[in-house]
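Topology and contacts: notes
These are the residues of each chain, in order.
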Number of protein chains: 4
Amino acid sequence: MSRPQTPTEPQTACFEAGIKFGSLYHQFAGTPVSPASADSLERAMAESIENQPHCVGVSVAIDTDELEAELSDSPASYTELTGRFLDVEIEIEYEGTLVTATMQMEDGYPLMRVTDVATRE
Amino acid sequence: MSRPQTPTEPQTACFEAGIKFGSLYHQFAGTPVSPASADSLERAMAESIENQPHCVGVSVAIDTDELEAELSDSPASYTELTGRFLDVEIEIEYEGTLVTATMQMEDGYPLMRVTDVATRE
Amino acid sequence: MSRPQTPTEPQTACFEAGIKFGSLYHQFAGTPVSPASADSLERAMAESIENQPHCVGVSVAIDTDELEAELSDSPASYTELTGRFLDVEIEIEYEGTLVTATMQMEDGYPLMRVTDVATRE
Amino acid sequence: MSRPQTPTEPQTACFEAGIKFGSLYHQFAGTPVSPASADSLERAMAESIENQPHCVGVSVAIDTDELEAELSDSPASYTELTGRFLDVEIEIEYEGTLVTATMQMEDGYPLMRVTDVATRE
C-alpha cells in the first residue's frame, strides 16, 4: 500500500455523505408506515438529516405504490419501512466540494452511491 | 405464586399500550432534532405509531424550550432526541377496554405509565 | 365506559412487559445480521433489555435456518433483522406479579403476546 | 463549480466508511447499557457492522468508567448508549483503497473522521 495519507477535502465530503445515508437508513428502518402516514415520515426523515453538519439538501420519497402492493397481499394495514420503499437524494457541501448521493433500488437491492463530486473553482 | 392465568382483556390492553411506548421511544430516540425540525418529527412519530394495532390516538409534543436551552450551551445547532424532550400520550382500545398511558419527565427521568383503564359496560 | 380506574398491579406488570417488547423490537430491527453474527446479537439484545426495570429474564433466539434460507436466494451475505427471524421470551416481575410474554411467528406474522400472569399468594 | 465528476475509488471508499459510521451510531444509539452489559453490546455492534460490504474491520469500545461515573450520580442502574461512551475504529477496503476512520470524543462531542487513506500501489 502507499503511505497512508490524511483525506482530501473531496474525500471527507464523501465520508460525510456516507454518514448521512447510514444515519437516515438505520434511524428510520423499521418505522411502522402506511400509505396514509408516508408523507409525514418523508418530511421528518428529510428535516432530521438536514440538521446534520454539511448537509445542504435531503429529499426522501416513500413509494406508496409499492407500499400498497405489499399491503394488498396482507391482512395488515401497515408495514415496516425498509429500503424497498425508499428513494433518497442527499447533497453535502464541505470546504468547497459539493457531493450528491442517492439511494435507489437496483436489481432488487437498495443501493447507496455517490453520483457526483463537484469542486468550486 | 398462584397458578399462572392467561391475561384478561384489560391486562392485554395494558400490554399493547406498553408495546407502543417501547416502539415509539426506541424507534425515534437518537434522531437529530432542532427547534425547526421538531414539528415534523412530532407528526411522524404520532402517525407511525397510530398505525399499530389497537392504537386509537397518539399525541407527541417535543419541548422546544428545553431543546433551545440545551442548544444555547452548545456550539451545535441540533441534538439527539431523548426522553428529556418528550411528552407523549397514547390511547389503546382493545376488546372494550380503553387504556390511556403517558410518558413525561418526573424527578429528572422520563416515566412511562398507565394513567387510566376504562371498560365498556 | 366505566369510570376510569388507575391500573392494578397485574395490569402495570403487563404494561411493563409490553414496553420491553416494543423496545427490543424497535431498537434492534434493521441490524445487519448473518448466521455468523447471530450469536453476539442474541446476547446483546437479551442483556440490554434485562437492564430495564422489573425485567427478570430475557431469552432471544435468532433463527439461523431461516436466515440461511433467505440468504441462499440472494447475492448478499447478510440481511436486516426483522421479526421473521426472532423468537423471544421476556419475564417481568412487578409488585408480586410475574408476567411471561413471547414474540413468535404465527400465520406469517410476528405476534407479541402475554402467555401467563401469576400473582404471589 | 467544476463540472461534476463521478467519484474516484478512494472517494467511494470514504463514502462507504461514512455509511458504516452512520449505521453503527443510529442503529445502536439509545440501547439500554450498563457496565455489566457493555461487553456483549460492543461485540454485537462490531460483528453486525462487519457484515456490511467492503468492511474489513470494526472495533468498538464502550467506556465503562464513563458509564460508571454517569450512573454514580443517578438512581438508575443503566443508561442509554450515546456517543459519549463510544470509541470506534472502522477499516474499509474498496477497489484497492484502504480507509481507516474513527469516532472519538473531542471537546465534548463525538467526532467521526477519516484518519488515513492508503492506496495499493
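Before reading further, recall that the structure is shown in the block above.
Quick look at the structure, then. (Residues numbered from 1 in each chain as written. Chains lettered and ligands numbered in written order. Predicted model: local features only at pLDDT ≥ 70, side-chain atom pairs only at ≥ 80, totals over all residues. Heavy atoms only, no water.)

Some thoughts on the pattern of salt bridges
- Tallied over the full model, the rule gives 24 salt bridges over all chains.
- Taken together, the shared-partner salt bridges in this structure form one network comprising Glu66(A), Glu70(A) and Arg84(A). (Salt bridge = Lys/Arg side-chain N within 4 Å of Asp/Glu carboxyl O.)

Thoughts on the interface of chain C and chain A
- Between chain C and chain A, the contact holds 11 residues from the first and 11 residues from the second.
- Taken as a group, His26(C), Glu80(C) and Tyr109(C) account for 50% of the area that chain C buries against chain A, more than any other trio of residues on that side.
- In this structure, the connection of chain C to chain A is made through zero salt bridges.
- Counting across the chain C and chain A interface gives four residue pairs in polar contact (both at pLDDT 80 or more). (Contact = heavy atoms within 4.5 Å. Buried area = accessible area lost by both parts, 1.4 Å probe. Polar contact = N/O pair within 3.5 Å; in protein donor to acceptor, adjacent residues only side chain to side chain.)

Description of helix α2 (residues 38-50) of chain A
- Counted at 1.5 Å a residue, the expected span for α2(A) with its 13 residues is 18 Å, and the 18 Å between its end C-alpha atoms agrees.
- Looking only at α2(A), the buried set comprises Ala38(A), Ser40(A), Leu41(A), Glu42(A), Ala44(A), Met45(A), Ala46(A), Ser48(A) and Ile49(A). (Helix = DSSP H or I, 4+ residues; strand = E, 2+ residues; numbered from the N terminus. Expected span 1.5 Å × (residues − 1). Buried < 20%, exposed > 50% of the residue type's maximum accessible area, 1.4 Å probe, protein only.)

Topic: the relation of the copies chain A and chain D
- Least-squares fitting of chain A to chain D yields an RMSD of 0.0 Å, with the transformation described by 0.0 Å of translation along the axis and a rotation of 180°. The relationship between the two copies is best expressed as a two-fold rotation axis.
- Of all interface residues in chain A, 100% are interface residues in chain D too; the two copies therefore contact each other through one and the same surface. (Least-squares fit on C-alpha atoms with pLDDT ≥ 70 in both.)

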